[in-house]
Amino acid sequence: MKKILNYINGKLLEPVANKYLDNFNPATGKVYSLIPNSDEQDVEQAIAAARSAFEGWASLRNTERAEWLEKISEGIERRTAELALAESIDNGKPLWLATSVDIPRARDNFKFYSTAIRHYASESHQTAEGVINYTLRKPIGVAACISPWNLPLYLFSWKIAPALAAGNTVVAKPSEVTPMTAYLLSEICVEIGLPAGVLNIVHGLGHSTGNALISSDNIDLVSFTGGTATGAHIAKIVAPKFKKMSLELGGKNPNIIFNDCDFEAMLNTTLNSSFANQGQICLCGSRILVERGIYQKFKDAFVAKVENMKVGDPMSDDSRLGAIVSKIHYDKILSYIDLAKEEGGTILVGGNSVQLDGEHKDGWYIAPTVIEGLDRQCRVNQEEIFGPVVTIQPFDTEEEALALANSTGYGLACTIWTNDLKKAHRLGDKVDSGIIWINCWLLRDLRTPFGGMKNSGVGREGGWEALHFFTEPKNICIKYT
Ligand code: NAD
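Residues numbered from 1 in each chain as written. Predicted model: local features only at pLDDT ≥ 70, side-chain atom pairs only at ≥ 80, totals over all residues. Heavy atoms only, no water.

*Asks:* How should I be thinking about the overall build of the protein in this particular structure?
*Replies:* In terms of regular secondary structure, the protein is built from 15 helices and 23 strands. Relative to a compact globule of 481 residues, whose C-alpha radius of gyration would be 23 Å, the protein shows 23 Å and is just as compact. Viewed in the frame of its principal axes, the protein has a C-alpha envelope of about 70 × 65 × 40 Å. Among the 481 residues that make up the protein, the fraction classed as buried is 57%. (Helix = DSSP H or I, 4+ residues; strand = E, 2+ residues; numbered from the N terminus. Rg over C-alpha atoms; globule rule 2.2 N^0.38 Å. Buried < 20%, exposed > 50% of the residue type's maximum accessible area, 1.4 Å probe, protein only.)

*Asks:* So what exactly am I meant to see when it comes to empty space enclosed by the protein here?
*Replies:* Summary: where empty space remains is shown by rolling a probe the size of a single water molecule over the atoms. One pass over the structure, following the stated rule, counts 4 cavities of 30 Å³ or more. There is about 120 Å³ of room inside the largest cavity. In terms of lining residues, the largest cavity is bounded by 16 residues, among which Gly279, Ile281, Cys284, Ser286 and Phe386 are the most central. Elements with a contribution of two residues or more to the lining of the largest cavity: β14 (285-291) and β17 (389-395). Of the residues assigned to the lining of the largest cavity, the class counts are 7 nonpolar, 7 polar and 2 charged. (1 Å grid on protein atoms, 1.4 Å probe; cavity = no way out; pocket = protein on both sides within 12 Å on 5 of 7 lines; lining within 4 Å. Points joined across faces, edges and corners; volume = space filled by probe spheres on them. Nonpolar A, V, L, I, M, F, W, Y, C, P; charged D, E, K, R; others polar.)

*Asks:* Honestly, unusual backbone geometry in this entry has me stumped. Any pointers?
*Replies:* Its identity is not glycine, yet Asn18 carries a phi of approximately 60°, on the positive side. Tracing the backbone shows Asn18 in the loop between β3 (11-13) and β4 (20-25). Judged by relative accessible area, Asn18 falls into the partly exposed class, the value being 48%. Here the phi dihedral of Gln278 falls at roughly 60°; this positive angle occurs in a residue that is not glycine. Tracing the chain through its elements places Gln278 in the loop between α9 (263-275) and β14.

*Asks:* How should the packing of aromatic side chains be read in this particular structure?
*Replies:* For any two aromatic rings, the description comes down to two numbers: the centre-to-centre distance and the angle of the planes. Under the definition given, this model contains 9 aromatic pairs. The interplanar angle of 55° and the centroid separation of 6.1 Å between the aromatic rings of Phe24 and Trp364 together place this pair among those described as tilted. A residue pair is termed long-range when its members are at least 10 positions apart, and Phe24 in strand β4 and Trp364 in the loop between β15 (346-349) and β16 (369-372) qualify at 340 residues. A relative accessible area of 36% means that Phe24 is categorised as partly exposed. The class of Trp364 is buried, set by a relative accessible area of 9%. Relative to Phe470, the ring of Phe469 has its centre 4.9 Å away and its plane inclined at 75°; by these criteria the two rings are edge-to-face. (Phe/Tyr/Trp six-rings, centres within 6.5 Å; stacked < 30°, edge-to-face > 60°.)

*Asks:* How do you make sense of the site of the ligand when you look at a structure like this?
*Replies:* Neighbouring the ligand are 28 residues, the closest being Ser147, Glu176, Thr230, Leu249 and Glu384. Within the complex, 88% of the 850 Å² of free accessible area of the ligand lies under protein. For the ligand, the cavity whose grid points lie within 2 Å of the majority of its atoms is the largest pocket. Contributions of two or more residues to the shell around the ligand are made by α7 (206-215), β11 (221-225) and α8 (228-238). The element that contributes the greatest number of residues to the shell around the ligand is α7, accounting for 4 residues. Per-class residue counts for the shell around the ligand are 12 nonpolar, 12 polar and 4 charged. (Near = heavy atom within 4 Å. Areas by Shrake-Rupley, 256 points an atom, 1.4 Å probe, with all protein chains shown as cover. Sits in = over half its atoms within 2 Å of the grid points.)

*Asks:* Before we go on, may I ask you to explain a nonpolar patch on the surface in this structure?
*Replies:* On the surface, a cluster of nonpolar side chains totalling about 350 Å² of accessible area is made up of Tyr134, Leu136, Ile478 and Tyr480. When you line up the elements, Tyr480 lands in the segment after β23 (471-479). (Patch = residues over 30% accessible without salt bridge, like charges linked within 9 Å, V, L, I, M, F, W, Y side chains within 5 Å. Salt bridge = Lys/Arg side-chain N within 4 Å of Asp/Glu carboxyl O.)

*Asks:* Explain the sheet that holds strand β19 (residues 413-417) to me, please; I cannot follow it from the model alone.
*Replies:* Sheet strands line up and pair through hydrogen bonds in the backbone, either parallel or antiparallel. One open sheet holds the 7 strands; their spatial order is β15-β16-β17-β14-β13-β19-β20, and the pairing between them is mixed. Each edge of the open sheet is held by one strand with a lone partner, namely β15 and β20 (435-438). Ignoring strand direction, the axes of neighbouring strands in this sheet form an average angle of 25°. The pairing of strand β13 (residues 253-257) with β14 spans 5 bridges and is parallel. Residue pairing across strands places Asn253 opposite Gly285, the latter belonging to β14. Against the sheet, helix α10 (residues 292-307) contacts β13, β14, β15, β16 and β17, and its axis sits at roughly 140° relative to β14. (Pairing = 2+ DSSP bridges. Axes fitted to C-alpha atoms, helices over the stretch in contact; angles between N-to-C directions. Contact = heavy atoms within 4.5 Å.)

Bear in mind that shape data such as this cannot, by itself, settle questions of function.
Structure, rendered in structure tokens:
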């Protein structure tokens, strides 16, 4: 059985205590590889390696670091097919999705920051005749980067690339649920001869390996993407040490649909924004709010399309949804469907697990599910489910739509469908959300600030925001007359 290894100080290593965890293929429900169950010793070894590599890496010219990032990007490009297959097996997502979205985006994250760092400039201010302020932006030190399982290599690289570009060294921990492409990334780093210690990848559980990493006094900053409860726990440990922290957390995103929208475009995109990656994208719209005038038309058309979405073998090109990432997560999603019934909701379509045949008979599959009739304050409309489950709710006025949209503790993403530009701008301004899409969804530009407000996080990733986060500004004022 394939054994994943840690990547520490340029080498692929067994965990010190030689303990391993099972890694499951969600499409079959079977164990198919082993993951290091790393402990504090592995984490501290990785941090020490990152610490001793820091000075050398930070003192390279930006253009030299950019070249290393380009090499990583090219390494990902060369192994696209292998990485996509690994991502699909590890996560349960359709292979076509991993091939067309996850792996190209991971490649582009490194490419993007290899060019961004070449163009990154700091500010200077002429304050008066003979007085100038200029700002240095210095790398900070050892960055701890922790990522979730839903877009494994895509989100892992979204942190590592800007951290390295800015001149930090990194200890990264991928999700224990989907470790395989992070391991393949470490193989790529070995292949291209990335200087030892610049990037270290330690595998293991959140509450042990992850916790040892964020609790260490020897790291300098933390970039985390994952659940809100985990983010709160990390903040409690890291904040009193006054270390920089970026927390990208959960969401309960509203999708606001007005009578005057372009119906067909809205319908097709809403299928995607509801169920892409089995609904396991932090940006998926899980609360669909529809203006009363087209509520029935939307409901009929949406349910008819959802009924035809195929749940199947992730390897098959016609599977629109693959498997749910883990048994724990599968049980959690099904429990929310039961809760929706208890809370008085009506299941319009789906609402059940799906059993496939043959080698997939023990895999974890759930039918795309649409629920109506739930109050805005009920748990199903307030808590993040993070699966192929959406609710639909009617509204009568723009004010009501806004109140519904803002009725949760989250504030990550929102989609608005209307052809009335003034209304779109008004709502875009007022919805509590870090990211607003108008008449589109997941149309990403890597230069834009990415992240949420309220319980969806602290800080932003993307573009200059990430480079600002991964550097310490130092302002110098000089009087020269
Ligand atoms: P999670 O919080 O359980 O785990 C995320 C990562 O944190 C994993 O690597 C895990 O091992 C680690 N971890 C867990 N406990 C830890 C601890 N005590 N100390 C240090 N590390 C710890 O989240 P998940 O289930 O892997 O991911 C799903 C969540 O991620 C959802 O809430 C989703 O909305 C969120 N998410 C947010 C974004 C965003 O950009 N805002 C993007 C993707 C996913």
